[in-house]
Amino acid sequence: MSGVPYLYVNVTALCCYALMFTAFIASKKTRAIRWFIFMLAGFMLWCGGSILMRLQLFPGVEFWYYVSILSLFSLAFLIYMFVCAFTGWRGYFLKIVWGISTLVILVLTALGVFLAPPQVVTENGQTVFLYTMRWPVAIPFAYFLLIVLSIALIFRTVIRERGVRSPGILAILCGCLSVTLGNFLQIIPGNVFPWDTLSGILFAAFLMYALYRKHMFRLTLQVSRSVVTIASAAIFVAGGINLFTPAVDWLTETATLSPDAATAVVLVLFAIALSLVYAVIRKMMDSLYSREEKQNLLIKTFSDKAARSLDTQAILQELVNVIRQEVPVEQIYMCLPGEDGDFTARCSARPLGQLTFSLAGDCPMVKY
């Protein structure tokens, strides 16, 4: 494994994708969540296929190459569908066009039309994979640019209608910028570092944050805290094992330590890092699950009280109390529609709040 350059980046990326996939499998499914899971699966197949190809494991380099390249060429469509689901964009015609086009691209890729499997050579003790670029490879790249343009147009429309402060939009834009920058760095002549893989981690993390900002990321109790925490620790250990030998070699060369001393230092640092990561993940899981349980309890309590009451004012006041516990705002007003279509203030979060105003039915605030 040490003969494969920068393999630890791919292994780390695969661990991150696997951790996100494990967490979201246990989440409440929406259209956006489902497409995000499909996208994570595509990232995992792309990254995992690349790792197994570079390790030259059974059934061979060519097989894992096609697993990786087919997954990579499907990611543009999966990202497009996720963006559509996240923003509520319909665009059925383009969805069909991009879906059929992606299928054609994948079939032609499997037939070796665009890019042939790489040649495996050994240079200075390291395994290098050499690709022969031919002009047809420009076809899928042009197709991917068209999908990127479609995504950009969706963002332009959404920002114009809702503003850039719409929850999650800025995070997705940052994710798209990071993955674009990573792929540009990847094609710099002479570059050997996998910037595209590293940017893919940032991209998925930004999308996960966007889902969280839009309150779409809600873990359920189908998978316990312990399962997610143990899975996270296992993924960290798997990534750490891959970094162990390079770290020992680096300390031996740069710090002039003996192999035994370098191994002891790396073991201590790894144990400290594992403890810190475990504590952080445990705290995050407890926070997410505790919030879910609190929300469920609030909703159940409100439903029980509302079912036992015939007093509209009491129900509105109870609803205000529930909102105050979950939304960090100074004041809340509950307005109900009247016969003339206007909305009249009926309840306030503060006992002395003014209730002598009303909002017209066509008021911009009401429409917003």
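Since the structure is predicted, the reported quantities are computational estimates derived from the model, not experimental observations.

### Regarding the overall build of the protein chain
Counting secondary structure elements, the protein chain contains 11 helices and 5 strands. Summarising the internal contacts of the protein chain: among those between residues at least 6 apart in sequence, 62% fall at separations of at least 24. Of the roughly 21,300 Å² of accessible surface on the protein chain, a fraction of 68% belongs to carbon and sulfur atoms.

### Here's the deal with helix H2 (residues 31-54)
Given a rise of 1.5 Å per residue, 24 residues ought to cover 34 Å, and the 35 Å separating the end C-alpha atoms of H2 matches this to within 8%. The buried fraction of H2 amounts to 17 of the 24 residues, a majority that puts the element mostly inside the structure. Backbone geometry just downstream of H2 places Gln-56 in the positive-phi region, at approximately 60 degrees.

### Topic: the sheet that holds strand E5 (residues 358-359)
Strand order in this open sheet of 3 strands is E3-E4-E5, and the pairing throughout is antiparallel. Each edge of the open sheet is held by one strand with a lone partner, namely strand E3 (333-337) and E5. This element, helix H10 (residues 312-326), spans E3 and strand E4 (343-348) of the sheet and lies at about 70 degrees to E4.

### Digging into the pattern of salt bridges
Opposite charge on two side chains makes pairing possible when the charged atoms of those side chains draw close. A full pass over the atoms with the stated rule returns 3 salt bridges. Two residues, Lys-300 and Asp-304, come together in a salt bridge whose shortest N-O distance is 3.2 Å. Placement of the pair is Lys-300 and Asp-304 together in helix H9 (residues 259-307), with a separation of 4 residues, close to one helical turn. Take Lys-300: its relative accessible area is 53%, and that puts it in the exposed class. We note a salt bridge from Glu-330 to Arg-350, for which the minimum N-O separation is 3.6 Å. Linking Glu-330 in the loop between H10 and E3 with Arg-350 in the loop between E4 and E5, this pair joins segments that are 20 residues apart in sequence.

### A few points about the packing of aromatic side chains
Applying the stated criterion across every chain, the model contains 14 aromatic pairs. Each ring, one from Phe-36 and one from Phe-82, has its centre 5.7 Å from the other, and the planes form 50 degrees; the classification is tilted. A residue pair is termed long-range when its members are at least 10 positions apart, and Phe-36 in helix H2 and Phe-82 in helix H3 (residues 61-87) qualify at 46 residues. Owing to a relative accessible area of 0%, Phe-36 belongs among the buried residues under this scheme. For Phe-82, a relative accessible area of 0% corresponds to the buried category.

### Looking at the side chain of Thr-87
Inspection of the secondary structure puts Thr-87 in helix H3. Exposure remark for Thr-87: the relative accessible area of 3% places this residue in the buried category. In terms of polar contacts, Thr-87 uses its side chain to reach the backbone carbonyl oxygen of Val-83, at 2.8 Å.

### A closer look at the pairing of E3
With 5 bridges joining them, E3 and E4 adopt antiparallel strand pairing. Residue pairing in the sheet places Leu-336 in a bridge with Thr-344 of E4. The hairpin turn running from E3 into E4, its antiparallel successor, is 5 residues long, and Gly-341 in that turn takes a positive phi close to 90 degrees.

### Some thoughts on the nonpolar core
If you look at the biggest cluster of nonpolar residues, it comprises 60 residues, and the most contacted ones within it are Tyr-17, Met-39 and Phe-82. Every element with two or more residues in this core is listed here: helix H1 (7-25), H2, H3, helix H4 (92-110), helix H5 (138-162), helix H6 (169-186) and helix H7 (195-213). In this structure, Phe-82 is in contact with Ala-32, Trp-35, Phe-36, Ile-172, Leu-207 and Leu-211, ignoring residues within four places of it in sequence. Counting 6 residues, the second largest nonpolar core, distinct from the first, contains Leu-316, Val-320, Ile-332 and Ala-349.

### Brief notes about unusual backbone geometry
Look at the link from Phe-58 to Pro-59: it is a cis peptide, with omega at 10 degrees. Tracing the backbone shows Pro-59 in the loop between H2 and H3.

### Points about the side chain of Ser-74
With respect to the helices and strands, the residue Ser-74 is situated in helix H3. Look at Ser-74 and you get buried, because its relative accessible area is 15%. Every residue in contact with Ser-74, bar those within four places of it in the chain, is listed here: Thr-102 and Leu-106.

### Some remarks on a nonpolar patch on the surface
Together, Val-265, Val-268, Leu-269, Ile-272 and Leu-276 give the surface a local cluster of nonpolar side chains, amounting to about 450 Å² of exposed area. Here Val-268 shows up in helix H9.

### Quick look at the packing of H2 against H3
Look at H2 against H3: their axes get within 7 Å of each other, and the N-to-C directions meet at 160 degrees. The orientation of H2 relative to H3 falls into the category roughly antiparallel. Viewed along their axes, H2 and H3 form a crossing whose handedness is left-handed.

### Examining H5
Its 25 residues place the ends of H5 36 Å apart at the C-alpha level, agreeing with the 36 Å of an ideal helix rising 1.5 Å per residue. Listed as buried for H5 are Pro-140, Tyr-143, Phe-144, Ile-147, Ser-150, Ile-151, Ile-154, Phe-155 and Val-158. After H5 finishes, the residue Gly-163 shows a positive phi value of roughly 90 degrees.

### Focus: the packing of H3 against H5
Taken N-terminus to C-terminus, the directions of H3 and H5 make an angle of 10 degrees; their axes are 10 Å apart at the nearest point. The orientation of H3 relative to H5 falls into the category roughly parallel. As for the relative orientation of H3 and H5, their crossing is left-handed in sense. Two secondary-structure elements touch here, H3 through Phe-73, Ala-76, Phe-77, Ile-79, Tyr-80, Val-83, Cys-84 and Thr-87 and H5 through Pro-140, Phe-144, Ile-147, Ser-150, Ile-151, Ile-154, Phe-155, Val-158 and Arg-162.

How each quantity is defined
- Residues numbered from 1 in each chain as written.
- Predicted model: local features only at pLDDT ≥ 70, side-chain atom pairs only at ≥ 80, totals over all residues.
- Heavy atoms only, no water.
- Helix = DSSP H or I, 4+ residues; strand = E, 2+ residues; numbered from the N terminus.
- Contact = heavy atoms within 4.5 Å.
- Areas by Shrake-Rupley, 256 points an atom, 1.4 Å probe, with all protein chains shown as cover.
- Expected span 1.5 Å × (residues − 1).
- Buried < 20%, exposed > 50% of the residue type's maximum accessible area, 1.4 Å probe, protein only.
- Pairing = 2+ DSSP bridges.
- Axes fitted to C-alpha atoms, helices over the stretch in contact; angles between N-to-C directions.
- Salt bridge = Lys/Arg side-chain N within 4 Å of Asp/Glu carboxyl O.
- Phe/Tyr/Trp six-rings, centres within 6.5 Å; stacked < 30°, edge-to-face > 60°.
- Polar contact = N/O pair within 3.5 Å; in protein donor to acceptor, adjacent residues only side chain to side chain.
- Core = buried A, V, L, I, M, F, W, Y, C linked by side-chain atoms within 4.5 Å.
- Patch = residues over 30% accessible without salt bridge, like charges linked within 9 Å, V, L, I, M, F, W, Y side chains within 5 Å.
- Parallel < 35°, antiparallel > 145°, perpendicular 65-115°, else oblique.
- Left-handed = near helix turned anticlockwise from the far one by under 90°.

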